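# Understanding the architecture of this molecule
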Amino acid sequence: TLTLVGFGSGTEVWNAAGTEEYPAENVSTINSTGKAYQVPKNANVLIKTVAADSIADGTYGDLVVKTTDGVQIITVPMAAVDRTIKKTDLTVASKTYTITFESGITPEKFYTVSNEEVDAEDLGNGVYRVKASDELRCIDVKTTTTEYAFAVSTETESMKEGPITDGVANAGTARQIDLHSSLASDITVYGATKVTVVDVDPDCFGYAGDPGDVFYVRPGAKLNVSIDVEDDGVSAAIIQEGSTVVNVALDRAHNGYEIGTTEITLRGAFKVTLNGVKAKVGTVDIADGVYYVAKGQKLVTIGAVTGKGTGVLVGDKISNSTSETNDITLSDKDVTLSAAAKVSMSGTWSTLNVLNSRGDVDSTENTPTGDRYVKVGTKMSANIATGTADITTGKGSVTDFDKSGNWIYFTLGVEDVTLTQTAP
């Protein structure tokens, strides 16, 4: 028998599925009157209250009160014995909250807002219960499978993976999770991995915050990466796993990267393409390939890889008057460096042409003299007004060499060349 005392006249009692209503009969005791319901043993039943009862949603011992679409339901677990519930017992003083700890997390102590220890009731299976009147604020925990932990409202489905910016605990020794105010709902404490975001907007990963912020994410959560250099100031991000700083990577962070239990740093970066070129980033040597380099790092000791050229060109240049080997700071754009070879002119020349990647002919200079560095593999042509033209230095490194009248044609190789005019 379930007896209700002090509830409104419109109160109803139903089975857990909400498909069968149990009839009521009036009962009286020496101190009160109420209604009695014959309900199944060892089963949950539902009390549908009336608006006038207006009980605050929450947990009261083993009773759970929840309002949905204006209808308030109290879930009551019935045992094998009769039970009496008084509405006057469902007050703030009797309201309780549960704290569920994920496997691998052990609570050590519970504290009130005034830093007094709370005696939480252990319900088993990692679930503890405290009274609302305890004003719980802090929990000391130990973690074993993750380095960190965070606490969120049990009903906050969208936050169960993180990211969370507060409430952390280091592994090993007990550390404190601070809820920043007295507990006001059921919460779950999850194991977490620390994620630090550097030199890139956390919004690029779906995290709300600022560059430099630290987040705590459940292992198994996957990154959602969206980076645009015009909007975000970087073109990519690299992933550092662990505490050893990583400023160069062979790949960038991709959608679907799964966070494990090792802390990571997501670092804003730029793409560096080296075509026959070598350089250093700090103490790391890079050469002849595609790399992702952290924002703010410098490319130093720049030069052509031995056997790939004798000079360097920056960007999409085909030629330049000098080899470009000055240090480059990765600050606002991707960088491409290509190996080049020096083309020297001896005598009087009318035209020096190069054929760019689109197949267009560019005249590097009219009446060219002196030296210039030209990208290795570039098709070239040169013209003299009188006499004969030839390559007198480095001819063995060029390909497709040909002469036609006062013109010579060739594809530049990896060695410096000298174009020479011989007087008629």
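Residues numbered from 1 in each chain as written. Predicted model: local features only at pLDDT ≥ 70, side-chain atom pairs only at ≥ 80, totals over all residues. Heavy atoms only, no water.

### A short note on the pairing of strand β12 (residues 105–112)
Relative to strand β16 (residues 136–143), β12 runs antiparallel, the two sharing 7 bridges. Note on β16: the bridge partner recorded for Phe-110 is Ile-139. Across 2 bridges, the pairing between β12 and strand β13 (residues 117–118) is antiparallel. Across the sheet, residue Phe-110 finds its bridge partner in β13, namely Val-118. Where β12 folds back onto β13 in an antiparallel hairpin, the turn is made up of 4 residues, including Asn-115, whose phi is positive at roughly 65°. (Pairing = 2+ DSSP bridges. Helix = DSSP H or I, 4+ residues; strand = E, 2+ residues; numbered from the N terminus.)

### Some remarks on unusual backbone geometry
A positive phi angle, near 55°, is found at Asp-199, a position not held by glycine. Along the chain, Asp-199 turns up in the loop between β19 (187–198) and β20 (214–217). The exposure class assigned to Asp-199 is partly exposed, which follows from its relative accessible area of 38%. Phi at Thr-301 takes a positive value of approximately 50°, unusual for a residue other than glycine. The residue Thr-301 is located in strand β27 (residues 298–304) in this model. Here Thr-301 falls in the exposed class, since its relative accessible area comes to 54%. (Buried < 20%, exposed > 50% of the residue type's maximum accessible area, 1.4 Å probe, protein only.)

### Looking at the pattern of salt bridges
According to the stated counting rule, one finds 9 salt bridges in the structure shown. The salt bridge involving Glu-121 is made with Arg-129; its shortest N-O contact spans 3.2 Å. Classification of Arg-129 by relative accessible area gives buried; the value is 18%. With a shortest N-O distance of 2.5 Å, Lys-308 and Asp-288 are connected by a salt bridge. Of this pair, Lys-308 sits in the loop between β27 and β28 (311–314) while Asp-288 sits in the loop between β25 (284–287) and β26 (290–294), placing them 20 residues apart in sequence. On the basis of relative accessibility, which here comes to 36%, the residue Asp-288 falls in the partly exposed class. Each of the salt bridges in this network shares a partner with another, and the network as a whole consists of Asp-390, Lys-395 and Lys-403. (Salt bridge = Lys/Arg side-chain N within 4 Å of Asp/Glu carboxyl O.)

### Here we look at the sheet that holds strand β18 (residues 175–178)
In spatial order, the strands read β13-β12-β16-β18; together these 4 strands make up an open sheet with antiparallel pairing. Sheet topology places β13 and β18 at the edges, where each strand pairs with a single neighbour.

### A few points about the environment of Arg-175
Considering the arrangement of structural elements, one finds Arg-175 in strand β18. For Arg-175 and Asp-140, which are 35 residues apart along the polypeptide, the C-alpha to C-alpha distance reads 5.2 Å.

### Topic: the sheet that holds β27
The 4 strands are arranged β25-β24-β27-β30 in an open sheet whose pairing can be described as antiparallel. The two strands at the open ends of the sheet, each matched to only one other strand, are β25 and β30 (328–329). Across 4 bridges, the pairing between strand β24 (residues 277–281) and β25 is antiparallel. Bridging across to β25, Val-281 finds its partner in Val-284.

### What to know about the environment of Phe-205
Among the secondary structure elements, Phe-205 is positioned in the loop between β19 and β20. On the accessibility criterion, Phe-205 (3% relative accessible area) is buried. For the pair Phe-205 and Asn-224, spaced 19 residues apart in sequence, the C-alpha to C-alpha distance is 5.1 Å. With sequence-adjacent residues up to four places away left out, Phe-205 is seen in contact with Val-197, Val-200, Leu-223, Asn-224, Val-225, Ala-237 and Leu-266. (Contact = heavy atoms within 4.5 Å.)

The quantities given are spatial measurements derived from coordinates; they are silent on function.
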